[in-house]
Amino acid sequence: MTDKIKILVIDDEPSIVDALRERLEFYGYEVVSANDGLEGLKKAESESPDIIILDIIMPKMHGFEVCKRLKEKPSTKHIPVILITGAGIEDIAKNEPALQAAACLAKPYEARKLSETIHDIVEKYLKK
Amino acid sequence: MCPDQMFSVKDVSILAVDDETEVRNLYDTILTEEGYRVTTASCGEEAVERIKQEKFNLLLLDLKMPGMSGTDVLKAVPDRLEGTSVIIVTAYPSLESSIEAIKSGVCDYVIKPFSPKELRNIVRMVAEKAKLIEENKKKERELAVATAAAEAQKLKARELEDANEKLRETQNMLIQAEKMRALGQLASGVAHEVRNPLAIIILGINYLEEKLPKKKGRNPINDTLKIIKDSVKRADKIIRMLYDFSRVTELDLKKEDINSVINTSLALVKNKLKLEKNIKVSKEIKIGLPKVLVDKNKIEQVFVNALLNAVQAMPNGGQIIIRSYDKLLTEPGNGAGNRKNDNFKVGETALIVEIEDTGIGISRENMSKIFDPFFTTKGPQKGIGLGLSVSKNIIDLHRGFIYAESEEGKGTKIIIKLKIAKEGGANG
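Since we're looking at a predicted model, the values are computed, not measured. (Residues numbered from 1 in each chain as written. Chains lettered and ligands numbered in written order. Predicted model: local features only at pLDDT ≥ 70, side-chain atom pairs only at ≥ 80, totals over all residues. Heavy atoms only, no water.)

Student: Where do I start with the overall build of chain B in this structure?
Tutor: Summing up its helical and strand segments, chain B has twelve helices and twelve strands in all. In chain B, which comprises 428 residues, the proportion classed as buried is 39%. Within chain B, contacts between residues separated by at least 24 positions form 72% of all contacts whose residues are at least 6 apart in sequence. Here chain B has roughly 24600 Å² of accessible surface; of this, 54% comes from carbon and sulfur atoms. (Helix = DSSP H or I, 4+ residues; strand = E, 2+ residues; numbered from the N terminus. Buried < 20%, exposed > 50% of the residue type's maximum accessible area, 1.4 Å probe, protein only. Contact = heavy atoms within 4.5 Å. Areas by Shrake-Rupley, 256 points an atom, 1.4 Å probe, with all protein chains shown as cover.)

Written out as structure tokens, the structure is:
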């Protein structure tokens, strides 16, 4: 095991997963991925990521539902979640209190912006 | 109609007053024979007592009597004699006594001596007349009741009409809201579908930015990357506008002072206006205007949009005037009338806000398109053509009306008509 921060990317779009993996690895993070919400929930337990990047609009299971379940499970509820949306950020804001997301990002975002967001979360949640 | 059918003599009660016994007997015999109910009195005092006890239809009254005279009787109990026909019986009618008697409400005269036939005729005539008057009064009362009922019905009809009108307005609003909801679904679908590839493009550019050899300053690689990035941002902006456009489906209505909404809108564009040193803004505001029932934020959006359009229409400077006033709509047109889409009636007072500029104006051919979605003359850098169509949507949802007047080279005036809030009620 390294000291690298492990990020779980849950997104149904393979190209986005690939692009994010490339960028995040470039920034020095370890990346695991899931192509839908159910797989994401499993990996959130089996991989014990430090941070989860979660797309909202996905087939099979909506991102909000995934987020809710993550926050209900004792084994995953501590993991900060970054919600990614293609719709308006207002929709997330409306649901945010219940979702307890650490941050929200609207697509399209620049890699730098994501990196800053991750950095903030590391500072806030992961530095003991 | 035959008079016999009109009344029955049995229903007619008569008080006959005379100090002479023979005359009283004559009355009693003749009139009882006719079928009337006859009571007699031998003096004025007795007559008064009888009248106090019973209401008579007819009074045969001798004028000259010892003690109380006939006129004294009439004066003694005027209230009790209301509705009673009075026939004066006298041997010596003088003008004076006649006038006095008529003033007291006397119907007719009989001059002594009279024949039984005369008496029968005159009593019958007066009784019939009284009956007719009574019938007439009854009819009048019935008519009044019927008229009141008709009025009530008319009122009810108008209430129904109003309710129908309101229903139709609500229906229009629902249709409009439904359209926007459908567009909203489309927009959020498009937003999601298009933003994923846009996200990939941006991340791809970020990758290239790292990997391509870095050269300082302007060079084809940096320029190309910047152009791609700007294009992504533009596409994203269109999606956002479309998304925002479709989201205007519900209003948070409150009673507002339109002048304070105008002031907030001006404050919102203050910084932008500060940069435009050659543009002068003036307010022509009417104080004490009635309140309007509006979603303040949405109306601000409309005003801000119109103000920014005005700024863009005056690249070489000019003047913006923002006006508010109320106006009685006297002519059909511009949202007033009886057509399905008219939100105002002729004769209604509307609250009007005008935003006028001295800019380049709108050509005649473009005039009909300015409220269409995605219509723009500004070029892609300045707008995508949703501003005015969003404004129109907002004003439509308020059941108001927005239109423009313009002359090329002279300027444009955006006119917004709003409904005045009804008195009372909380927030509608």
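Student: Mind showing me how you'd approach the overall build of chain A here?
Tutor: A count of helices and strands for chain A gives five helices and five strands. Counting only residues that meet the buried cut, chain A has 51% of its 128 residues in that class. Long-range pairs, those at least 24 residues apart, make up 62% of the contacts in chain A with a sequence separation of at least 6. Accessible surface, chain A: about 6200 Å² in total, of which carbon and sulfur atoms supply 51%.

Student: Teacher, can you tell me more about the interface of chain B and chain A here?
Tutor: Many descriptions give the size of an interface as the accessible area lost when the pieces come together. Counting residues at the interface gives 20 residues for chain B and 21 residues for chain A. When chain B packs against chain A, the two sides together hide about 1800 Å² of surface, and 59% of this comes from carbon and sulfur. Applying the counting criterion to the chain B and chain A interface returns two salt bridges. Two residues, E210 of chain B and R23 of chain A, come together in a salt bridge whose shortest N-O distance is 3.9 Å. Counting across the chain B and chain A interface gives eight residue pairs in polar contact (both at pLDDT 80 or more). Only α6 (116-211) and α7 (220-247) of chain B provide two or more residues apiece to the side of chain B that touches chain A. If you tally residues by element for the side of chain B that touches chain A, the top one is α6 of chain B, at 13 residues. Among the residues forming the side of chain B that touches chain A, the class breakdown is nine nonpolar, three polar and eight charged. (Buried area = accessible area lost by both parts, 1.4 Å probe. Salt bridge = Lys/Arg side-chain N within 4 Å of Asp/Glu carboxyl O. Polar contact = N/O pair within 3.5 Å; in protein donor to acceptor, adjacent residues only side chain to side chain. Nonpolar A, V, L, I, M, F, W, Y, C, P; charged D, E, K, R; others polar.)

Student: Hey, could you run me through the packing of aromatic side chains in this one?
Tutor: For any pair of aromatic rings, the description rests on two quantities: the centre-to-centre distance and the angle between the ring planes. Tallied over the entire structure, the rule returns three aromatic pairs over all chains. Their ring planes at 45 degrees and their centres at 5.6 Å tell us that F401 of chain B and Y403 of chain B sit as a pair that is tilted. On the basis of relative accessible area, Y403 of chain B is assigned to the buried category, the value being 15%. Looking at R23 of chain A, its charged tip hangs above the ring of F26 of chain A, at a distance of 4.5 Å from the centre. (Phe/Tyr/Trp six-rings, centres within 6.5 Å; stacked < 30°, edge-to-face > 60°. Lys NZ or Arg CZ within 6 Å of the ring centre and 35° of its normal.)

Student: Help me understand the sheet that holds strand β2 (residues 37-41) of chain B, please; the structure alone is not making it clear to me.
Tutor: In any sheet, the strands associate via hydrogen bonds between backbone groups, in a parallel or an antiparallel arrangement. Residues and elements named next belong to chain B. What the five strands build is an open sheet, ordered β2-β1-β3-β4-β5; its pairing is parallel. This sheet does not close on itself; its edge strands, each paired only once, are β2 and β5 (108-111). Here the strands of the sheet are splayed against their neighbours by 20 degrees on average, with no regard to which way each runs. In this sheet, strand β4 (residues 85-90) lies alongside strand β3 (residues 58-62) in parallel orientation, the contact comprising five bridges. Bridge pairing in β4 links L58 to S85. The sheet strands contacting helix α2 (residues 21-34) are β1 (13-17), β2, β3 and β4, and the helix crosses β2 at an angle near 175 degrees. Against the sheet, helix α3 (residues 44-53) engages β1, β2 and β3, with an angle of about 140 degrees to β2. (Pairing = 2+ DSSP bridges. Axes fitted to C-alpha atoms, helices over the stretch in contact; angles between N-to-C directions.)

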